[in-house]
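# Architecture and fold: a report
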Amino acid sequence: MTFAKTPPVIELRDLKKRFGIGDAEHYAIDGIDLTIKKGEFIAIMGPSGCGKTTLLNILGLLDSEIDGEYELDGRHVASLSSRKQARIRSQQIGFIFQSFNLISRLNVIENVALPLTYKGIPRVTRLKLASKMLHNFHLGEREYYLPHQLSGGQTQRVAIARALVNEPSIILADEPTGNLDSHASHIIMEELSDLHKRGNTIIMVTHNPRLTTYASRVITMLDGRIDTDTFTKKPAKKRTKRPLGAKRKKAKA
Amino acid sequence: MRILLISHIQNARQSLKSSRLRSTLTMLGVTIGVASITTILSLSSGASQIVSDQVDALGGNIAVIRPGTVSNTPIDDLADFPTQQNFAASTLTETDIIHLQEIQHVTGIAPIIILTGGVKANSTAPAGTQIVATTPELETVSDLKIAEGQFLDPHLNTDTVVIGPQLSINIFGTEQSIGKQVSIRGTPFTVIGILKRTNNPINYNGVDFDNAVIINKESGRAISQGALQIQQINIRTDSVASLDQVIIDINKSLLKTHLGEVDFSVLSGAQIAQPTNRLFNAIAGTTTAIAAISLLVGGIGIMNIMLVSVAERTREIGIRKALGASNGDIVAQFLIESLALSIGGGIAGYIVGYLGSFAISTFLTFDPVFNWEIAAIAIGLSLFIGTIFGLYPAIRASKKDPISALRQYD
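Note that the structure is predicted; figures quoted are calculated from it, not measured. (Residues numbered from 1 in each chain as written. Chains lettered and ligands numbered in written order. Predicted model: local features only at pLDDT ≥ 70, side-chain atom pairs only at ≥ 80, totals over all residues.)

### Quick word on the overall build of chain B
When helices and strands are counted, chain B shows 13 helices and 11 strands. For 410 residues, the compact-globule formula gives about 22 Å, and the C-alpha radius of gyration of chain B, at 30 Å, lies well above that figure. Once the C-alpha set of chain B is aligned to its principal axes, its extents read approximately 100 × 50 × 35 Å. Scored against the burial criterion, the 410 residues of chain B give a buried share of 45%. (Helix = DSSP H or I, 4+ residues; strand = E, 2+ residues; numbered from the N terminus. Rg over C-alpha atoms; globule rule 2.2 N^0.38 Å. Buried ≥ 20, exposed ≤ 12 C-beta atoms within 10 Å, placed from the backbone.)

Structure below.
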């Protein structure tokens, strides 16, 4: 199987996340072993409070107070300084949130350009890249709208554009379609599916079982543990397009 | 790094613009503080400048002898400011003047003996009108200008007086008072000259010549029971080059007659203006310290508004962190915002301060001074305030946990 040869992007060994102390101690994540390979599209399902979002936050380096081991691209996350972690978030990880999380006082193009700021890219280049990204999502005419002037589907597309503008290799989506109607959900899922086909690793938390059809692997969680782990179909073997993030790595070498 | 800084500045501009009223009000606090400091400093250096300018205008060939020693520390000087009306007996005597006349290159010696007492004519002059007893040489040594009549003359009757124009108006009701009689400490004097108006109440002689009467040394002795207190001796030399030598000679000569006791000081150039300048600097320093309190209040205003802004934008901080902002980036973002507030307020305050001091100077006899020190103080203080009061909110912002920050709804 070609799939087995691809290196693991994310490796978790006995990952635990504790909240509270003493009597109130409670493990939101209670021992997860998980290996995620490059190019996988993972859908994480499970009831509310089973630790899906907590897991996603840990994977996205937003939460570093963990027990157990987390290796990202072969590096132990625990040993990374917060500055290094911020750089990884900036260059390798793209977040998509249920509540979009656009900055309301910035217009669409500035929101999309925001992650580029922390990469140290000059303003004009930032806006050019953001504009290009928005055109890819057919939002070219909405560049100077404010977030509240957009529909839910458009807002989420802006948020995805923002997540992708840095060309991250891993995309973390926390219920990306949770606030959208089925039509908008479909468009968003098509976009994610397209990203997956280009070779990006996508980890998506969802409540909606129908969305799992887009995924290559479905994980269900229960009480902070992995309940089931099924591969639904082979991940994209043929790369028709250049994966996002590939250019960056080449430039770095 | 540089690009990041530019981004932070653009970002700060944007976020300050989005809450314009709030930013303006916050800046106003700093503006008021910096404006009052600028006004005080520019006016007080204007006042000090005036004395230095006078000394400069006299040319570099003036030396001044004052009783007592000049201390070197400003604090001592302030505590023991040599007012010309000291109660203690002056250490300078008439014998000194005689010895000074023997020194080479000295072209003029004018002692200044300030007496007080009733000055009366048609009406009584205000109490505290200065009666200056001196020699005719004062005219050339201190460069006094006569509007009408003549200065004191050794060949004339000793009971003659030269009066200031304002005093003439006060006691005679006119500036044309030549030949009229004025009673000084009960003794009648004839007015032989009116000084030209100088509008310089602050000068190194310690005399407001617009409001003074000038009489001969001998008449001065007559009306003060024979004892003269010499407050200051002004010396003019024949050239600038000879001044240094003359000062050395004066020191030698006086030291001999004073039996080796250093109870006098010979000053030249900027030193002459120093006691006056120091007084103004001390006053300016004290008032600046008071004005600094308003700046402190402005700084607290900045801190307050930054804390509100951090609390309001918790979610934004969470988003930015998720998108790759490091703690340092967040600190920089909020610090630059508070610096923008304080520097903006500082620049506005500097301008307002100068407008204010020009407005005030129309009622005063001197103009405010422009110099780089005041600009540096204004900008430096606002930088300081912005950093000190912006740092805590900025650090607090950067310490926010991104997960809980993202969970907060705006």
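After that view, the rundown keeps rolling.
### A short note on the overall build of chain A
A tally of helices and strands in chain A yields eight helices and 10 strands. Considering chain A as a whole, with its 253 residues, one finds that 45% of them fall into the buried category. Put simply, of all contacts in chain A between residues at least 6 apart along the chain, 72% involve residues at least 24 apart. (Contact = placed C-beta atoms within 7 Å.)

### Things to note about the confidence of the model for chain B
When the pLDDT values of chain B are averaged, the result is 84; 93% of them are 70 or greater. In the predicted assembly, ipTM is 0.87 and pTM is 0.75. (pLDDT = per-residue confidence, 0-100.)

### Structural notes on the nonpolar core
Counting residues in hydrophobic clusters, the biggest one holds 168 residues, and the most contacted among them are Ile44, Val112 and Met204 of chain A together with Val132, Val161 and Val213 of chain B. At 13 residues, helix 2 (residues 20–57) of chain B tops the list of elements feeding residues into this core. Residues lining this core come from more than one domain, with at least three contributed by each of domain 1 (2–52 + 278–407) and domain 2 (61–268) of chain B. Ile44 of chain A has contacts with Lys52, Leu55, Ile203, Met204, Val205, Ile219 and Met221 of chain A, leaving out every residue within four places of it along the chain. (Core = buried A, V, L, I, M, F, W, Y, C linked by C-beta atoms within 7 Å. Domains from an automatic or database assignment.)

### A closer look at the sheet that holds strand 5 (residues 75–76) of chain A
All names here are of chain A. The antiparallel open sheet is built from four strands, whose spatial order is 2-1-4-5. In this open sheet, the two edge strands, each paired with only one partner strand, are strand 2 (26–37) and strand 5. Bridge count between strand 4 (residues 67–72) and strand 5: two bridges; the pairing is antiparallel. Note that in strand 5 the partner of Leu72 across the bridge is Arg75. (Pairing = 2+ DSSP bridges.)

### What to know about the interface of chain B and chain A
Contact residues are listed per partner, giving 19 residues for chain B and 23 residues for chain A. Secondary-structure elements contributing two or more residues to the side of chain B that touches chain A are helix 1 (2–18), helix 10 (314–322), helix 11 (327–361) and helix 13 (402–407) of chain B. Counting residues per element, the side of chain B that touches chain A draws most heavily on helix 1 of chain B, at five residues. Along the lines of polarity and charge, the residues of the side of chain B that touches chain A split into nine nonpolar, seven polar and three charged. (Nonpolar A, V, L, I, M, F, W, Y, C, P; charged D, E, K, R; others polar.)

### Quick look at the environment of Ile317 of chain B
Residues and elements named next belong to chain B. Mapped onto the secondary structure, Ile317 falls in helix 10. For Ile317, a count of 24 C-beta atoms within 10 Å gives the class buried. Residues Ile317 and Ile223 lie 94 residues apart in sequence; the distance between their C-alpha atoms is 83 Å. When neighbours within four sequence positions are excluded, Ile317 is seen to be in contact with Ile330, Ala397, Lys400 and Ala405.

### Structural notes on the sheet that holds strand 8 (residues 201–205) of chain A
Note on sheets: strands pair through backbone hydrogen bonds, and any given pair is parallel or antiparallel. Residues and elements named next belong to chain A. Spatially, the six strands line up as an open sheet ordered 6-7-8-3-9-10, and their pairing is mixed. A single partner strand is all that each edge strand has here, and the edge strands are strand 6 (93–96) and strand 10 (225–231). Strand after strand, the sheet turns through a mean of 15° between neighbouring axes, direction not considered. Contacting strand 3 (41–45), strand 7 (170–174), strand 8 and strand 9 (217–222), helix 2 (residues 52–59) runs over the sheet at an angle of about 150° to strand 8. (Axes fitted to C-alpha atoms, helices over the stretch in contact; angles between N-to-C directions.)

### Here's the deal with the pairing of strand 9 of chain A
Residues and elements named next belong to chain A. Pairing geometry for strand 3 and strand 9, over four bridges, is parallel. Across the sheet, Ile44 pairs through a bridge with Ile219, a residue of strand 9. Counting the residues in the hairpin turn of strand 9 and strand 10 gives two residues, including Asp223, whose phi is positive at 50°.

### Structural notes on the domain arrangement of chain B
Many authors give the size of an interface as the accessible area that is lost as the parts come together. In terms of domain boundaries, chain B breaks down into domain 1 (2–52 + 278–407) and domain 2 (61–268). With centres defined by C-alpha atoms, the gap from domain 1 of chain B to domain 2 of chain B works out at 49 Å.

### What to know about the environment of Gly224 of chain A
Residue and element names in this part refer to chain A. Here Gly224 lies in the loop between strand 9 and strand 10. Its 22 C-beta neighbours within 10 Å are what place Gly224 among the buried residues. Gly224 sits 175 residues away from Gly49 along the chain, and the two C-alpha atoms are 8.4 Å apart. Sequence-distant contacts of Gly224, that is, excluding residues within four places in its chain, are made with Tyr27, Ala28, Ile29, Asp30, Cys50 and Gly51.

### Topic: unusual backbone geometry
Where the residue is not glycine, phi is negative for most of them; where a peptide bond is considered, it is trans in most cases. Residues and elements named next belong to chain A. Notably, Asp14 is not glycine yet its phi reads approximately 50°, a positive angle. Relative to the assigned elements, Asp14 resides in strand 1 (residues 8–19). The class of Asp14 is exposed, set by 11 C-beta atoms lying within 10 Å.

### Let's talk about the packing of helix 11 of chain B against helix 12 (residues 372–398) of chain B
Residues and elements named next belong to chain B. Helix 12 packs onto helix 11 with a crossing angle of 150° between their chain directions and a minimal axis gap of 7 Å. When the axis of helix 11 is compared with that of helix 12, the two are roughly antiparallel. Seen along the crossing, helix 11 lies across helix 12 with a hand that is right-handed. Classifying every residue of the contact of helix 11 with helix 12 gives 20 nonpolar, 11 polar and no charged. (Parallel < 35°, antiparallel > 145°, perpendicular 65-115°, else oblique. Left-handed = near helix turned anticlockwise from the far one by under 90°.)

### A look at helix 5 (residues 123–136) of chain A
Residues and elements named next belong to chain A. With 14 residues, helix 5 extends 20 Å between its outermost C-alpha atoms, agreeing within 8% with the 20 Å of an ideal straight helix rising 1.5 Å per residue. Listed as buried for helix 5 are Arg126, Ala130, Met133 and Leu134. The arc enclosing the buried residues of helix 5, seen along the axis, measures out at 100°, which places them on a common side. For helix 5, exposure combined with an orientation more than 90 degrees from the buried face picks out Val124 and Thr125. Where helix 5 ends, the next residue or the one after it, His138, has phi of about 55°, a positive value. (Expected span 1.5 Å × (residues − 1). Arc of directions from axis to C-beta.)

### Let's talk about the confidence of the model for chain A
Summary statistics for chain A give a mean pLDDT of 85 and a share of 89% for residues scoring 70 or more. The low-confidence segment residues 248–253 of chain A (pLDDT under 50) makes one contact with residues lying over four places distant or belonging to another chain.

### Comments concerning the packing of helix 6 (residues 152–164) of chain A against helix 7 (residues 182–197) of chain A
All names here are of chain A. It is the contact of helix 6 with helix 7, at a shortest axis distance of 9 Å, that shows an interaxial angle of 15°. When the axis of helix 6 is compared with that of helix 7, the two are roughly parallel. As for the relative orientation of helix 6 and helix 7, their crossing is right-handed in sense. Residue-level inspection shows Gly152, Gly153, Gln156, Arg157 and Ile160 of helix 6 in contact with helix 7, the latter providing Ala184, Ile187, Ile188 and Glu191. Classifying every residue of the contact of helix 6 with helix 7 gives four nonpolar, three polar and two charged.

### Side note on the pairing of strand 3 of chain A
All names here are of chain A. Of all five residues that make up strand 3, five are buried, and the element is covered over most of its length. Neither face of strand 3 is exposed, since Phe41, Ala43 and Met45 on one face and Ile42 and Ile44 on the opposite face are all buried. Strand direction decides the pairing type here: strand 3 and strand 8, joined by four bridges, are parallel. Note on strand 8: the bridge partner recorded for Ile42 is Ile203.

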